[in-house]
Amino acid sequence: MENIIPLICETAKAAGKLALERRKNFEDVRVFSKETPADLVTDVDREVERFIVERLKKATPEFGFIGEEYGVTEGSSGWAYCIDPIDGTTSYVHGSPVFCVSIGVLKEDEFYAGAVYAPQLDELYYAEKGKGAFLNGTPIHASKCRSLGEALCATGFGCIRAGKEKNNLEYFVKIVPQLQEIRRTGSAAFDICQVAAGRFDGYWEFYLHQYDIAAGAIIAMEAGALFTDVNGEKEYLEKGLVCAAPGVHPLLCRELH
Ligand code: LIP
């Protein structure tokens, strides 16, 4: 799809700047809870998603949309955008720099392209199927790590926020002592892109949503990372996501059973 990368990258950067600008006057930002008190959304999430949809609809009116805040809008082609306007909303609300605008492109429901922009870090990750993965224009690759003892990994606890009985804590306690170190950034899109850039050697998380992972998935795969569910299949949302360097991926999957 010609020009899809410049389009989603420019849109992600403009949306990221809007989110940053709005946070400068945080007293004007309205914060709400969704399904549970810890599941936050702000009026900026909604404004940023509207901004993204408006720009992309003008450029590609035949595309459909899947957005965290406004749901599904059918398109007239097999193409759709999958949008998380602010991935890491809790971090955004608390003033942390780690939050991202995530714009995935699906072709017949398959990951095709993606742009993830962390505005406060000014880091733009992007990829298109078959054309490699990049960070601010420089090619990125998954790490060559081959042991948990040398691995820096990340995970998340969206499962706890969602009030899930069976959650990640049991795996966290089991896996962390085997790792070199663990990180918890609060943004799935950012964590996946750190694996793509070779900065993290692995990431796992349960109960994510399609919009959390759609852009990061193609970026990670184009960077040579493995991106599967805990069984090595594609049921990421139902069974749990494992995104890791090829040498770490099977070792993490084995611990997640
Ligand atoms: C977040 C995810 C993160 C997860 C958080 C939350 P949001 O998405 O990116 O990995 O652990 O609980 O779901 O809600 O900030 O867009």
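A brief report on the enclosed structure follows.

Rules behind the numbers
Residues numbered from 1 in each chain as written. Predicted model: local features only at pLDDT ≥ 70, side-chain atom pairs only at ≥ 80, totals over all residues. Heavy atoms only, no water. Phe/Tyr/Trp six-rings, centres within 6.5 Å; stacked < 30°, edge-to-face > 60°. Buried < 20%, exposed > 50% of the residue type's maximum accessible area, 1.4 Å probe, protein only. Lys NZ or Arg CZ within 6 Å of the ring centre and 35° of its normal. Core = buried A, V, L, I, M, F, W, Y, C linked by side-chain atoms within 4.5 Å. Helix = DSSP H or I, 4+ residues; strand = E, 2+ residues; numbered from the N terminus. Domains from an automatic or database assignment. Pairing = 2+ DSSP bridges.

### Thoughts on the packing of aromatic side chains
Aromatic rings in a pair are described by how distant their centres are and how their planes are angled relative to each other. As enumerated under the stated definition, the model contains 11 aromatic pairs in all. Ring plane angle 80 degrees and centroid distance 5.0 Å describe the contact between Tyr92 and Phe99, whose orientation is recorded as edge-to-face. Residue Tyr92 is classed as buried on the basis of its relative accessible area of 0%. Residue Phe99 is classed as buried on the basis of its relative accessible area, which comes to 0%. Clustering of aromatic rings is evident, with ring pairs tying together Phe63, Phe65, Trp79, Tyr81 and Tyr112. Between the NZ or CZ atom of Arg46 and the centre of the ring of Phe32, over which it lies, the distance is 4.7 Å.

### Section: the nonpolar core
Membership of the largest hydrophobic core comes to 40 residues, with the highest contact counts inside it found for Phe111, Tyr203, Ile219 and Phe227. Secondary-structure elements contributing two or more residues to this core are β6 (100-107), β7 (110-118), β8 (123-128), β9 (133-135), β11 (152-155), α6 (188-196), α7 (210-222) and β15 (241-244). Here this core gets eight residues from one element, more than from any other, and that element is α7. Taken domain by domain, this core gets at least three of its residues from each of domain 1 (4-137) and domain 2 (148-255). Val48, Tyr81, Phe99 and Tyr126 belong to the second largest nonpolar core, which has 31 residues in total.

### Some details on the pairing of strand β3 (residues 64-67)
Covered by surrounding structure in β3 are Gly64 and Ile66 together with Phe65 and Gly67, the residues of both alternating faces. As paired elements, β3 and strand β5 (residues 79-87) share four bridges and run parallel to each other. By the bridge assignment, Ile66 is partnered in β5 with Cys82. Sheet topology note: the β3/strand β4 (residues 71-73) ladder contains three bridges and is antiparallel. Of the residues in β4, the one forming a bridge with Gly67 is Gly71.

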